[in-house]
Every structure is written in structure tokens, then in C-alpha cells.
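# Coordinates in review
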Amino acid sequence: MIPAIVAAALAGAVAAQGQDEKPVSTGTGAVLRTLDRMEGTTRDIELREGEAASFHRLRISLRECRYPTDNPAGEAYAYLTIREETATAPEFAGWMLASSPALNPLDHPRYDVWVLRCTTS
């Protein structure tokens, strides 16, 4: 049910973008924020496109980060793959939006990861 809702919302966003025709640029990387709910600690991680980083037992990989060309500080959305270090299947694989992290979140009992912004240099 949830994937269908996310797909419909993203399809609506793509349709709206098609109507507005706002140009989008690809960043060189992204800044992510991580949260360990048990410890109550956060940490920012900067990844370049194609890089991966570890956060406790999670391995976070960034494939791409996009942002509006006319407003680099505006909306950012990144394609992430997040998996437990010992797992073969990812916990999360898809686009995560900076302004709406709850739209397509990582569903993990202990850790949370969200996009803050794209990097441009």
C-alpha cells in the first residue's frame, strides 16, 4: 500500500514538473543526516556521487543527487541505497526528498537517514 502511495505521489510530482518544465541539475554529491535513535545522536555525512559510507551497521551509497538549477539551495532529492552490513537485500533503495523525508523514508527500527542538500562542487 505504501509503495503505491509513494509511486503515485512521485508520478504526480513528475507530471507537475513536466508542466512547469523547471530545469534540474545534477550535483557532485549530497549531505545526509543520520540519527541513532538509541543513542540520540546525529551525524552529517557528505558523500560524492558513487561513494558509500558506513554509519554504525548501515552502509549508505549515493548514486545521484539532483536540485533545481535556478535554486541550488532549494529542493534536493537523492537516490540512495542503504543496507545493513551483513544483509544482502537493501533496507532502502530509491529517491529521498529533502523537503519531504517522510514521503519515502528508511524504515529501520534504530536508524534514520535523510537528505539535507546536494553539493555542487
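Residues numbered from 1 in each chain as written. Predicted model: local features only at pLDDT ≥ 70, side-chain atom pairs only at ≥ 80, totals over all residues. Heavy atoms only, no water.

Moving on to the overall build of the protein chain. When its secondary structure is counted, the protein chain shows one helix and eight strands. What you see in the protein chain, going N to C, is helices and strands ordered as α-β-β-β-β-β-β-β-β. Considering only intrachain contacts with a sequence separation of at least 6, the fraction spanning at least 24 residues in the protein chain is 46%. About 7000 Å² of surface is accessible on the protein chain, with carbon and sulfur atoms providing 53% of the total. (Helix = DSSP H or I, 4+ residues; strand = E, 2+ residues; numbered from the N terminus. Contact = heavy atoms within 4.5 Å. Areas by Shrake-Rupley, 256 points an atom, 1.4 Å probe, with all protein chains shown as cover.)

A separate point is the environment of arginine 110. Along the polypeptide, arginine 110 turns up in the loop between β7 (92-97) and β8 (111-119). Judged by relative accessible area, arginine 110 falls into the partly exposed class, the value being 23%. Distance in space between the C-alpha atoms of arginine 110 and aspartate 36 is 6.1 Å, their sequence separation being 74 residues. Discounting residues that sit within four places of it in the chain, arginine 110 has contacts with Leu35, Asp36, Arg37, Met38, Glu39 and Arg57. (Buried < 20%, exposed > 50% of the residue type's maximum accessible area, 1.4 Å probe, protein only.)

Turning to unusual backbone geometry, a few remarks are in order. Although it is not a glycine, histidine 56 sits at a positive phi angle of roughly 50 degrees. Mapped onto the elements, histidine 56 comes out in the loop between β4 (52-55) and β5 (58-68). Histidine 56 sits in the partly exposed class, given a relative accessible area of 37%.

Sheet architecture is open: three strands sit in the order β3-β2-β8, paired in antiparallel fashion. A single partner strand is all that each edge strand has here, and the edge strands are β3 (41-48) and β8. Each strand of the sheet is rotated relative to its neighbour by a mean of 20 degrees, with strand direction disregarded. As paired strands, strand β2 (residues 29-36) and β8 are joined by eight bridges and run antiparallel to one another. Pairing of glycine 29 across the sheet is with threonine 119, part of β8. (Pairing = 2+ DSSP bridges. Axes fitted to C-alpha atoms, helices over the stretch in contact; angles between N-to-C directions.)

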